[in-house]
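Read off the chains here:
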Amino acid sequence: MPNPTYRVHLIGRGARRSSVGMASYQSGKTLRVKSVVSAAAYRSGEPLHDRQQEVTYDYADREDVKYVALLAPDHSPAWAYEREELWNRVEQREQRKDSQLARSVVLALPRELSLDANIALLKEHVHDTFIAQGMVADIAVHVKDASDGLPQPHGHILLTLREIEPSGEWAARKNREWNHPSLVGQWRESWEQLQNAYLEDAGEDARVCMASYEKQGINRVPTQHMGQRAWDLEQEGFRTRIGEINRDIAQENLMRGVIDTMIASQGSREASQERMWEQEWDKAIDAPEQADMPLIPPDEIARLDEQARDTLERGSERGVDHV
């Protein structure tokens, strides 16, 4: 089953450290960074110069960045399609020391699809969900090896919080409607539907469900997102706190799976016995001489059951145990 990851965060100014990895991967309501330019550089794998800090963030040596693009509404000026210019203008426009700078979306792409199909899937989702609302989107597709050793493609979307006016300038105010809590649910639902349509078109049986295990009725505990730093440490042979938590969860899920299998097996045996008796009963009606059990009419079965209950009740009154 494809990975249902779809995380949405705000990125705000305020951290003393250059936390581009945190901005990309870790969970939290608002991720504090020194510069949104650094986050854009990390995602794109390009060297970008932050004019406010006079610092160049260079991640050109990254090998997992497979595709990048800037998408914007049709009336957007040329600078909206230039990554360094776009995010420097965001930094320049947001003056407060704790300003919210961008919105980050990290989503898993289905490994069942080719790279080209995943790029098309991501771009269609971004166009229909964000560009249509007036946002500018900086997108990237990364492909790394997952914990099972297989490639795990995922997408990064960095979104502006202000619209660009037809005049080519930022809107005077941020669009607060984009912060409505219900929107994330709508985005996740549209992502599920579009992703499943792509999987179906590709002839794949796999489908993604964005609902939680609890809502799906699945007896499993979800693992916690590891984050880039913990992942790197684990790859180097160090055991991290989050790694230990996920290993404990994996063990618990294994035990739950064993219990579920035992319950399902017992239910299957009972259902099989019930089907066997139904088949024998049908056979006895159609050809009594060929039946493997005597043909006993339902009213006779009811009479025998009643007789057995009476015997048990009389024995109980006399203090006799029946086995």
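Note that the structure is predicted; figures quoted are calculated from it, not measured.

**Q** Tell me about the overall build of the protein, and please be specific about residues and values.
**A** Across its full length, the protein carries nine helices and eight strands. Long-range contacts, defined as pairs at least 24 residues apart, comprise 57% of the intrachain contacts of the protein with a sequence gap of at least 6.

**Q** Can you tell me about the sheet that holds strand E7 (residues 137–145), naming the residues and giving the values?
**A** Judged by pairing direction, the sheet is mixed, and its six strands sit side by side in the order E2-E1-E6-E8-E7-E5 without closing on themselves. Two strands close off the open sheet at either side, each with one partner strand: strand E2 (30–33) and strand E5 (65–71). Adjacent strand axes in the sheet meet at a mean angle of 25 degrees, parallel and antiparallel pairs treated alike. As paired elements, strand E6 (residues 100–108) and strand E8 (residues 151–159) share six bridges and run antiparallel to each other. Counted as the bridge partner of Ser104 is Leu158 from E8.

**Q** Would you mind going over the confidence of the model for the protein in detail, with residue names and values included?
**A** Put simply, the protein has an average pLDDT of 79, and 67% of its residues get 70 or more. The model gives residues 17–28 a pLDDT under 50, and that stretch makes 44 contacts with residues more than four places away or in other chains.

**Q** Pulling in residues and values, what's your account of the nonpolar core?
**A** Tyr6, Leu107, Leu122, Val126, Phe130, Ile139 and Ile157 are the most contacted members of the largest nonpolar core, which totals 28 residues. Broken down by secondary-structure element, the contributors of at least two residues to this core are E5, E6, helix H4 (115–129), E7, E8 and helix H5 (181–201). Top contributing element to this core by residue count: H5, with six residues. Residues Leu48, Trp79, Trp87 and Ile164 belong to the second largest nonpolar core, which totals 23 residues.

**Q** Describe in detail the pairing of strand E1 (residues 6–13), supporting the description with residues and values.
**A** Burial of E1 is extensive: seven of the eight residues sit out of reach of the surface. Across seven bridges, the pairing between E1 and E6 is antiparallel. Looking across to E6, one finds that His9 is bridged to Ser104.

**Q** I'd like to hear about the side chain of His156, residue by residue, with values.
**A** Within the secondary structure, His156 sits in strand E8. One polar contact links His156 to His142, side chain to side chain, over a distance of 3.3 Å.

**Q** Break down the pattern of salt bridges for me, citing the residues and quoting the values.
**A** Oppositely charged side chains can pair when the atoms bearing their charge come close. Throughout the structure, instances matching the rule amount to nine salt bridges. Here Arg51 and Glu85 are joined by a salt bridge, their closest N and O atoms 3.2 Å apart. Taken together, the residues Arg51 in the loop between strand E3 (48–50) and strand E4 (55–57) and Glu85 in helix H3 (residues 83–93) connect sequence positions 34 residues apart. By relative accessible area, Arg51 is classed as partly exposed at 36%.

**Q** Give me the environment of Gly185: which residues, what numbers.
**A** Following the sequence through the fold, Gly185 ends up in helix H5. Since its relative accessible area comes to 40%, Gly185 is described here as partly exposed. Separated by 25 residues in the primary sequence, Gly185 and Met210 have C-alpha atoms spaced 9.4 Å apart.

**Q** Give me the packing of H4 against H5: which residues, what numbers.
**A** Remark: H4 packs on H5, axes separated minimally by 10 Å, with the N-to-C direction vectors making an angle of 145 degrees. In terms of crossing hand, the pair formed by H4 and H5 is right-handed. Contacts from Ala117, Ala120, Leu121, Glu124, His125 and Thr129 of H4 reach H5 at Trp187, Ser190, Trp191, Leu194, Gln195 and Tyr198. Its residues assigned to classes, the contact of H4 with H5 shows seven nonpolar, four polar and one charged.

What counts, and at which threshold
Residues numbered from 1 in each chain as written. Predicted model: local features only at pLDDT ≥ 70, side-chain atom pairs only at ≥ 80, totals over all residues. Heavy atoms only, no water. Helix = DSSP H or I, 4+ residues; strand = E, 2+ residues; numbered from the N terminus. Contact = heavy atoms within 4.5 Å. Pairing = 2+ DSSP bridges. Axes fitted to C-alpha atoms, helices over the stretch in contact; angles between N-to-C directions. pLDDT = per-residue confidence, 0-100. Core = buried A, V, L, I, M, F, W, Y, C linked by side-chain atoms within 4.5 Å. Buried < 20%, exposed > 50% of the residue type's maximum accessible area, 1.4 Å probe, protein only. Polar contact = N/O pair within 3.5 Å; in protein donor to acceptor, adjacent residues only side chain to side chain. Salt bridge = Lys/Arg side-chain N within 4 Å of Asp/Glu carboxyl O. Left-handed = near helix turned anticlockwise from the far one by under 90°. Nonpolar A, V, L, I, M, F, W, Y, C, P; charged D, E, K, R; others polar.

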